[in-house]
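Breakdown of the fold
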Protein chains: 2
Amino acid sequence: MNERTFAEVLDRFETIVGPAHALRTEPDVEPYVHERRGLWTGRSPIVLRPGSVDEVSRIMALATGTGTAVVPQGGNTGLVGGGTPDMSGRQIVLSLSRLNRIREIDPRANTMTAEAGVVLQALHDAADGADRLFPLSLASQGSCQIGGNLSTNAGGIAVLSYGNTRELCLGVEVVLPTGEVFDDLRKLKKDNTGYDLKNLFVGAEGTLGIITAAVLKLFPKPRGREVAIAGLQSPEAALALLDRALERAGAGLTGFELIGTLPMEFALKHVPGTVRPLADAWPWYALLEVSSGRSEDEARATMEELLSAAMEAGSVGDAVLAGSIARQRGLWMLREGISDSQRFEGASIKHDISVPVASIPEFIARAAPAVASVSPGARIVCFGHMGDGNLHYNISQPVGADAQAFLDLYHSMNKAVHDVVRELNGSISAEHGIGRLKRDELAATAPAVGLDLMRRIKAAFDPAGIMNPGKVI
Amino acid sequence: MNERTFAEVLDRFETIVGPAHALRTEPDVEPYVHERRGLWTGRSPIVLRPGSVDEVSRIMALATGTGTAVVPQGGNTGLVGGGTPDMSGRQIVLSLSRLNRIREIDPRANTMTAEAGVVLQALHDAADGADRLFPLSLASQGSCQIGGNLSTNAGGIAVLSYGNTRELCLGVEVVLPTGEVFDDLRKLKKDNTGYDLKNLFVGAEGTLGIITAAVLKLFPKPRGREVAIAGLQSPEAALALLDRALERAGAGLTGFELIGTLPMEFALKHVPGTVRPLADAWPWYALLEVSSGRSEDEARATMEELLSAAMEAGSVGDAVLAGSIARQRGLWMLREGISDSQRFEGASIKHDISVPVASIPEFIARAAPAVASVSPGARIVCFGHMGDGNLHYNISQPVGADAQAFLDLYHSMNKAVHDVVRELNGSISAEHGIGRLKRDELAATAPAVGLDLMRRIKAAFDPAGIMNPGKVI
């Protein structure tokens, strides 16, 4: 397509949404073409902000008719470059932000039907207003959108008990590359009528179609909740504590986070208002949350019981219960502040890995020398969702070292850490997705049979290759 | 392919597994070509019983090379004709029965890796031996195999708390039509590296590939369990009780079954050893099970609490707790005996439907006149997994009517019931699958866009159409 024809096509896209919702000047386009940390940048001649599913459908029909590449975008909070265009200037951005209606809340069915552009926090608030819980909980919940959460199968801190975004979704509405609308907005807990299409679109990062709405699960709000922090000598002790907690609390164990001694010190040093939770510093900490449908007392009793048993068994050195909502928040603040606190310690190289839960101690033992071999003196900031086998295994530069020299080690550091992950049959992307960041690594290291199946699906759903090209596969 | 070439191809299949495991005489083949209730019958020139994944792989490579249709079969307990060949005599049966090794039990990771041919009961026993629970629980668990459970995404009585087979599976090993092996036997709770292939094979009823092994989730064994039965005036009262039970017990509510007054009387009349559970007969009953990771006392206290509250609120008329393991079994026996007890009441036409949980009362209210319009005097045997929105809405013939005349109403009865299901956005196959039984109805009534996507997947995975032809899609 020559420049003149392309400009005419852009005009036709603009006509669909109207000039007010077709951004074409550089300052208007700017916020949509960069990933917020500045790691990924791109160009786009137009950002379309459709206001209805019908408009999305017409945009896609035109995109198919003209062979125009489309990059769907939610809150643009992704961490792997999946939501921004490339540098070609030929990919158009389709922002779902204006599709932000909660179409229905059905407290009796425990479901909520929301459009892709609803901000996660707004879903929390709406659920809360109906005396229900929507448990998906992420650091970016004030700006990420549920369409992006679904497209990346987002995880977060409540997965242990409630599951990933995939498990929280009962049905989807998807606009296909042709503009056809796949309406599967069902509220069913059981449905065995053919292939599982829903789970194919969830986690596909916008490369198969555009999720425009979804039926989400709601849960009764727990009547009681208790949070505690335990000081531990080792990751093995954390695993023993996790086993015990799962046995006693079952699905009532709504959080189990591991925190290394270094990330704890980073949080205490850099996050305003944090307080050292135990008298001594420990090599490792576990942050536990127990919820009860019956009462505060039950949540507290369960927590006390499991911690006492663990202390008697020798796996826990010291522990404290929050005892009040304010102190519960304080303990969670320690955990949530870690990632951000790293920026005060210089450059960092981050990993989002998972291994089988029982292999966490082995991963930690084997990854440390691998990191040291790439960068002696690099500081391991190891923390994360231990109950899911998911660690944010981040590496801060050695004290006093040159930041850029450390960042130049990015690929060798990734390889060192991911090699250990692969040896333990783990995942190099537990919850952030593939996007552009890990596409080459996936292609280079994933088993050929699985990659081939993914390519066949991509070709079957998007034969023209216009859906978010250059991402995932 | 002429007869002579076909015979030569069969010889080559036989060579792969050896003559002892290639059944070719009519009496040997017989048990594999009929569905056990006799509803579906077929013919096959050979039943192959491979003893390894490599043999399965070589069978499929040969099948692709020769264009031979393959029908994978587990325990042959399916209810929709998905596991048996057609009448052509050209489809070969591939029985997974000899792939019956539990490859690994990992109590720390809470996983078990089992081959397709392991009988479900053997998985229960193995989990029990490792002090763990594998919760998938079906009437046919003494003979169904996990490969079939996975391929049909089987449901059962523990779905409410633990999920369908899909949710109980972390990873699969699949032999593709070409013979290639897709090895995705991972133990990860979080993995966002590309499209969700696992969930595509689970529930595909052997039409995309052959699941040869899977990683299954294990759970801590509850320390306490209580079962109760409640007498109710209406389905609305059952829904109110379910809401309350979910609120109090959360994921500790491990069972919530609805039983109509007629199925209760059928079970009491025809199942030896059953005892009327409440002093009076009630229009409806709910069977509840609560489990606790802490103690018997907690399970009992939770159950008492929620039933007392429901009685005070007026939704429960009468209720009794089992109080002992033997009486827990007795209450479950009432529920589990219903389906079988129907055969003493003449011919029956059965349905396996789901609707949004909150729509159960409306479904029941609307389906009854629809049934009566097809067969006045037909008796509605309504019971099932209310917590999942899934009812076995079975119809027994009118007393004294002609059985065959009633069975001749099969299609019009199905249509009457399924029309109500569709009006309520429900599913015509909640847990039994599509197979041959509901293939035409799916094709005729499912939205075209979804069917088209399924057909594209089928064509992408099985271009020659040799995987279980004539089933699902």
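Definitions and limits used
- Residues numbered from 1 in each chain as written.
- Chains lettered and ligands numbered in written order.
- Predicted model: local features only at pLDDT ≥ 70, side-chain atom pairs only at ≥ 80, totals over all residues.
- Heavy atoms only, no water.
- Salt bridge = Lys/Arg side-chain N within 4 Å of Asp/Glu carboxyl O.
- Helix = DSSP H or I, 4+ residues; strand = E, 2+ residues; numbered from the N terminus.
- Buried < 20%, exposed > 50% of the residue type's maximum accessible area, 1.4 Å probe, protein only.
- pLDDT = per-residue confidence, 0-100.
- Arc of directions from axis to C-beta.
- Contact = heavy atoms within 4.5 Å.
- Least-squares fit on C-alpha atoms with pLDDT ≥ 70 in both.
- Core = buried A, V, L, I, M, F, W, Y, C linked by side-chain atoms within 4.5 Å.
- Pairing = 2+ DSSP bridges.
- Axes fitted to C-alpha atoms, helices over the stretch in contact; angles between N-to-C directions.
- 1 Å grid on protein atoms, 1.4 Å probe; cavity = no way out; pocket = protein on both sides within 12 Å on 5 of 7 lines; lining within 4 Å.
- Points joined across faces, edges and corners; volume = space filled by probe spheres on them.
- Buried area = accessible area lost by both parts, 1.4 Å probe.
- Polar contact = N/O pair within 3.5 Å; in protein donor to acceptor, adjacent residues only side chain to side chain.
- Nonpolar A, V, L, I, M, F, W, Y, C, P; charged D, E, K, R; others polar.
- Phe/Tyr/Trp six-rings, centres within 6.5 Å; stacked < 30°, edge-to-face > 60°.
- Lys NZ or Arg CZ within 6 Å of the ring centre and 35° of its normal.
- Parallel < 35°, antiparallel > 145°, perpendicular 65-115°, else oblique.
- Left-handed = near helix turned anticlockwise from the far one by under 90°.

Should their charged atoms come close, side chains of opposite charge can pair. Considering all chains together, one arrives at 75 salt bridges over all chains under this definition. Of the charged contacts, one joins B:Glu345 and B:Arg379 as a salt bridge, the two residues approaching to 2.8 Å between their closest N and O atoms. Placement of B:Glu345 in the loop between helix H12 (338-341) and strand S16 (348-349) and of B:Arg379 in strand S18 (residues 379-385) is noted, with a sequence separation of 34 residues between them. Each of the two residues, B:Glu345 as well as B:Arg379, counts as buried. Ionic contacts of the salt-bridge type, sharing partners, join the residues A:Arg101, A:Arg103, A:Glu115 and A:Glu173 into one network.

Moving on: the confidence of the model for chain A. Of the residues in chain A, 100% reach a pLDDT of 70 or more, and the chain-wide mean stands at 96. With a pTM of 0.96, the predicted complex shows an ipTM of 0.95.

As a further point, take helix H2 (residues 26-33) of chain B. All names here are of chain B. Those residues of H2 lying buried are Val29, Tyr32 and Val33. An end-on view of H2 places all buried positions within 90° of arc, on one side of the element. Where H2 is buried, its residues meet strand S1 (22-23), strand S2 (47-48), strand S3 (69-73) and strand S4 (91-95).

What follows is about the relation of the copies chain B and chain A. The transformation that overlays chain B on chain A combines an axial shift of 0.0 Å with a rotation of 180°, and the residual RMSD is 0.0 Å. Taken together, the turn and the small shift mark the pair as related by a two-fold rotation axis. Among all C-alpha atoms of chain B, that of B:Ala251 lies closest to the rotation axis, at 3.0 Å. The fraction of interface residues of chain B whose copies in chain A are also interface residues reaches 99%, indicating that both copies meet through the same surface.

The next subject is the nonpolar core. Grouped together as the largest cluster of nonpolar side chains are 90 residues, with contacts concentrated most on A:Phe134, A:Phe461, B:Phe134, B:Phe201 and B:Phe461. Setting aside its immediate chain neighbours within four residues, B:Phe461 contacts A:Leu453, A:Arg456, A:Ile457, B:Pro177, B:Leu197, B:Leu200, B:Phe201 and B:Leu208.

Excluding glycine, a negative phi dihedral is what most residues carry, and trans is how most peptide bonds are arranged. Residues and elements named next belong to chain B. Of note in the backbone geometry, asparagine 153 takes a positive phi value of approximately 50° without being a glycine. Owing to a relative accessible area of 3%, asparagine 153 belongs among the buried residues under this scheme. Not every positive phi belongs to a glycine, and asparagine 468 is a case in point at roughly 45°. Within the fold, asparagine 468 resides in the segment after helix H17 (448-461). Residue classification places asparagine 468 among the buried positions, given a relative accessible area of 1%.

A few words on the sheet that holds S3(B). Backbone-to-backbone hydrogen bonds join strands into a sheet, with any given pair of strands oriented parallel or antiparallel. Residue and element names in this part refer to chain B. Ordered in space as S1-S2-S4-S3, the four strands form an open sheet in which the pairing is mixed. Looking at the sheet topology across the chains shown, the edges are occupied by S1 and S3. In terms of strand pairing, S2 meets S4 through two bridges, oriented parallel. In the strand pairing of S4, leucine 48 is matched with leucine 94. Against the sheet, helix H3 (residues 53-66) makes contact with S2, S3 and S4, and its axis sits at roughly 170° relative to S4, the strand it touches most.

To continue, consider the environment of B:Gly209. Residue and element names in this part refer to chain B. In this structure, glycine 209 sits in the loop between helix H7 (198-201) and strand S10 (210-217). A relative accessible area of 6% places glycine 209 in the buried class. Each C-alpha atom of the pair glycine 209 and aspartate 297 lies 47 Å from the other, and the pair is 88 residues apart in sequence.

Here the structure, examined in full by the defined rule, presents three cavities of 30 Å³ or more. Here the largest cavity defines a volume of roughly 50 Å³. Around the largest cavity sit A:Leu242, A:Asp243, A:Leu246, A:Val357, A:Gly387, B:Arg108, B:Ala109, B:Asn110 and B:Lys189, which together line it. Put simply, the second largest cavity is a space of about 50 Å³. If you trace the second largest cavity, you find it lined by A:Arg108, A:Ala109, A:Asn110, A:Lys189, B:Leu242, B:Asp243, B:Leu246 and B:Val357.

For the rest of this paragraph, the subject is the pairing of strand S6 (residues 111-115) of chain B. All names here are of chain B. A large share of S6 lies buried, amounting to five of its five residues. Burial along S6 is two-sided: the residues Thr111, Thr113 and Glu115 and Met112 and Ala114 are all buried. As defined by bridge partners, strand S5 (residues 102-106) adjoins S6 across four bridges and the pair is classed as antiparallel. Its bridge partner being in S6, aspartate 106 is matched across the sheet by threonine 111. The hairpin turn running from S5 into S6, its antiparallel successor, is four residues long, and asparagine 110 in that turn takes a positive phi close to 55°. Bridge analysis of S6 against S10 gives five bridges, and the strand direction is antiparallel. In the sheet register, glutamate 115 faces S10, and the bridge partner there is alanine 213.

What follows deals with the sheet that holds S6(B). Residue and element names in this part refer to chain B. Strands sit in the order S5-S6-S10-S8-S9 across an open sheet of five strands; the sheet is antiparallel. The outermost strands of the open sheet, each flanked by one partner alone, are S5 and strand S9 (181-184). Across this sheet, the average inter-strand angle for adjacent strands is 15°, counted without regard to direction. Lying over the sheet, H3 contacts S5, strand S8 (169-175), S9 and S10, oriented at roughly 50° with respect to S8.

With that settled, consider the pairing of strand S8 (residues 169-175) of chain A. Residues and elements named next belong to chain A. Extensive coverage of S8 is indicated by the burial of seven of its seven residues. Relative to strand S10 (residues 210-217), S8 runs antiparallel, the two sharing six bridges. Each residue of the ladder has a partner; that of glutamate 173, found in S10, is alanine 213. Pairing analysis gives four bridges linking S8 to strand S9 (residues 181-184), with the strands arranged antiparallel. Across the sheet, residue valine 172 finds its bridge partner in S9, namely aspartate 184. From the end of S8 to the start of S9, which pair antiparallel, there are five residues, and glycine 179 there has a positive phi angle of about 100°.

This part takes up the interface of chain B and chain A. Between chain B and chain A, the residue contacts involve 80 residues of the former and 79 residues of the latter. Between chain B and chain A the total buried area reaches about 6700 Å² when both faces are included, carbon and sulfur atoms providing 56% of it. Area buried by chain B at its contact with chain A is led by B:Lys190, B:Asn192 and B:Tyr195, which between them contribute 16% of it. For the pair chain B and chain A, the number of links is 13 salt bridges. Run the count over chain B and chain A and you get 35 residue pairs in polar contact (both at pLDDT 80 or more). Of all the secondary structure elements, the ones that give two or more residues to the side of chain B that touches chain A are S9, H7, helix H8 (235-249), helix H10 (296-312) and H17 of chain B. Here the side of chain B that touches chain A gets nine residues from one element, more than from any other, and that element is H17(B). In terms of residue class, the side of chain B that touches chain A is made up of 34 nonpolar, 25 polar and 21 charged.

On to the packing of aromatic side chains, then. Any aromatic ring pair is given by two values, namely how distant the centres are and how the planes are angled relative to each other. On inspection of all chains with the given rule, the structure shows eight aromatic pairs over all chains. Ring plane angle 40° and centroid distance 6.0 Å describe the contact between B:Phe182 and B:Phe201, whose orientation is recorded as tilted. Linking B:Phe182 in strand S9 with B:Phe201 in helix H7, this pair joins segments that are 19 residues apart in sequence. The buried category is assigned to B:Phe201, whose relative accessible area is 3%. Considering the side-chain rings of B:Phe363 and B:Tyr393, the 5.0 Å spacing of their centres and the 75° angle between planes classify their relative orientation as edge-to-face. Of this pair, B:Phe363 sits in helix H13 (residues 360-374) while B:Tyr393 sits in strand S19 (residues 390-396), and the two are 30 residues apart along the sequence. Here the two residues B:Phe363 and B:Tyr393 agree in accessibility, since each one is buried. Ring pairs connect the aromatic residues A:Phe182, A:Phe201 and A:Phe461, which therefore count as one cluster. Over the ring of A:Phe6 we find A:Arg90, and its NZ or CZ is 4.2 Å from the ring centre.

With that settled, the discussion passes to the side chain of B:Asn199. Counting through the fold element by element, B:Asn199 comes out in helix H7. Taking relative accessible area as the criterion, B:Asn199 reaches 4% and is therefore assigned buried. Within the structure, the side chain of B:Asn199 is placed 2.5 Å from the side chain of B:Asp196, a separation counted as a polar contact. Setting aside residues no more than four positions away along its own chain, B:Asn199 makes contact with A:Arg166, A:Asp196, A:Asn199 and B:Arg166.

The next subject is the packing of helix H1 (residues 3-17) of chain B against H3(B). Residue and element names in this part refer to chain B. Between H1 and H3, whose axes approach to 9 Å, the crossing angle comes to 165°. For the element pair H1 / H3, the angle class is roughly antiparallel. Both H1 and H3 take part in a crossing whose hand is right-handed. Packed against H1, whose contacting residues are Val9, Arg12, Phe13, Ile16 and Val17, the element H3 presents Glu55, Arg58, Ile59, Leu62, Ala63 and Thr66 at the interface. When grouped by side-chain class, the residues that make up the contact of H1 with H3 number seven nonpolar, one polar and three charged.

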